[in-house]
Amino acid sequence: ILAPAPMLGTTLAVGLLSLAGNEAQQTQWLPGLADGSVRAAFGAPSDTALAADGSVLNASYPDLVDAASATTLFLRASRDGATGWLIVPADAPGLSIERHALADTSRNLATVTLAGVAIDAGHFVTSASTVDDAMLRIGAIAISADALGGGEAVLACTIDYLKVREQFGVLIGSFQALKHRVADHQATLVAARGLVEHAASLAWEDPQALLAALSAKQHTTRIIAEMARDCIQLHGGVGFTSEFLPHLYLKRAKLNEVLFGTRIALLDRIADMLEAA
C-alpha cells in the first residue's frame, strides 16, 4: 500500500489509451505500461490545459503527482481547438522536473517545465466530455481502492499492537473501550468496501457509474483518514513516532482526500448530478 510506485498515473494512462487512443498510440505505450517499463504521471481532467499548438512547447505544468518517478508524462493540453492529453517522455530535451516535498513520502509532487520541448502531434490523445468523465471515474475508483487498502493495513497493524502492548499488567487489547473502537472501524471498512466494489462493478455506459465513483471517493477517503488518525491514538504516545506505521497511512490518506477533487468539490458535483437527474 505504501510502495512509492506511480500506480495511479499508470492506471489512468491505460484507461485513456484504451478508450481514446488510436491504434498506433496503443501499440506504442500499452505494452510498456503493462510490463512496468513505462511509468506514467497523469494530469487530472480538471487541470488547466496547456496550449500545445505547433511543434514546440514552452510552458509550466504545476503539481503533477508522481512526475519525479515517471518515465512518461500525460499532460492535460489543448491542440487545434481540441482538449485532451499530450504524451511527453520525461527525459525529453528541454524538459525539467522540480520535485516538491510532501508529507506523504510514498508519493511525490512536481512542477514540470517545458522549455522548447519538441512535441509530436501523434502523441496527442483527443478527449470528449465522456472520456473526461471516464478518467475522473477511473481516478476516483483507483484512489478509493488505494484508501481502502490503507485503511485495512493500518487497522491490522493497530490490532497487532493491541495484542502485545501491556498496561497495568494486562494487554490493552482486552480493554472493552478499545475493542469497541476497533469494531467500529472494521464495520466502517466493510461498508466502504461495498461502496467501492459497487462503483467498480458498474458498466461504463451506466448512467450511475460516475455518480457512484465520486460518492465512493469522497466517503472512503474521508473515513479512512479519520480511521488512520484514531489508529495513531490507539497506539498511544508511540503512535506519533517514526518507529510505528500509522502516521504513514494517515499522510497517504490525507493526500487521497484531495487528489482528483476535494470532498467539497465532489459533493458539489454530486449535488449537480442529482439535481440534473
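Described below are features of the structure shown in this document. (Residues numbered from 1 in each chain as written. Predicted model: local features only at pLDDT ≥ 70, side-chain atom pairs only at ≥ 80, totals over all residues. Heavy atoms only, no water.)

Overview of the nonpolar core
- Core analysis: the largest hydrophobic core is formed by 40 residues, its most contacted members being Leu16, Phe42, Phe74 and Met135.
- Looking at this core, the elements with two or more residues in it are α1 (7-20), α2 (23-35), β1 (40-42), β5 (82-89), α3 (129-162), α4 (176-201), α5 (209-234) and α7 (263-276).
- By residue number, the principal contributor to this core is α3, which donates eight residues.
- When near neighbours in sequence (up to four residues on either side) are disregarded, Met135 contacts Leu12, Gly15, Leu16, Leu19, Phe42, Pro45, Trp85 and Phe260. (Core = buried A, V, L, I, M, F, W, Y, C linked by side-chain atoms within 4.5 Å. Buried < 20%, exposed > 50% of the residue type's maximum accessible area, 1.4 Å probe, protein only. Helix = DSSP H or I, 4+ residues; strand = E, 2+ residues; numbered from the N terminus. Contact = heavy atoms within 4.5 Å.)

Notes on the sheet that holds strand β3 (residues 56-65)
- If you trace the three strands from one edge of the open sheet to the other, you get β3-β7-β6, paired in antiparallel fashion. For this open sheet the edge positions go to β3 and β6 (95-100), each flanked by a neighbour on one side alone. With strand direction ignored, the average angle separating the axes of adjacent strands in the sheet is 10 degrees.
- Looking at chain direction, β3 and strand β7 (residues 109-118) are connected through seven bridges and run antiparallel. Paired with Leu57 across the two strands is Val117, which belongs to β7. (Pairing = 2+ DSSP bridges. Axes fitted to C-alpha atoms, helices over the stretch in contact; angles between N-to-C directions.)

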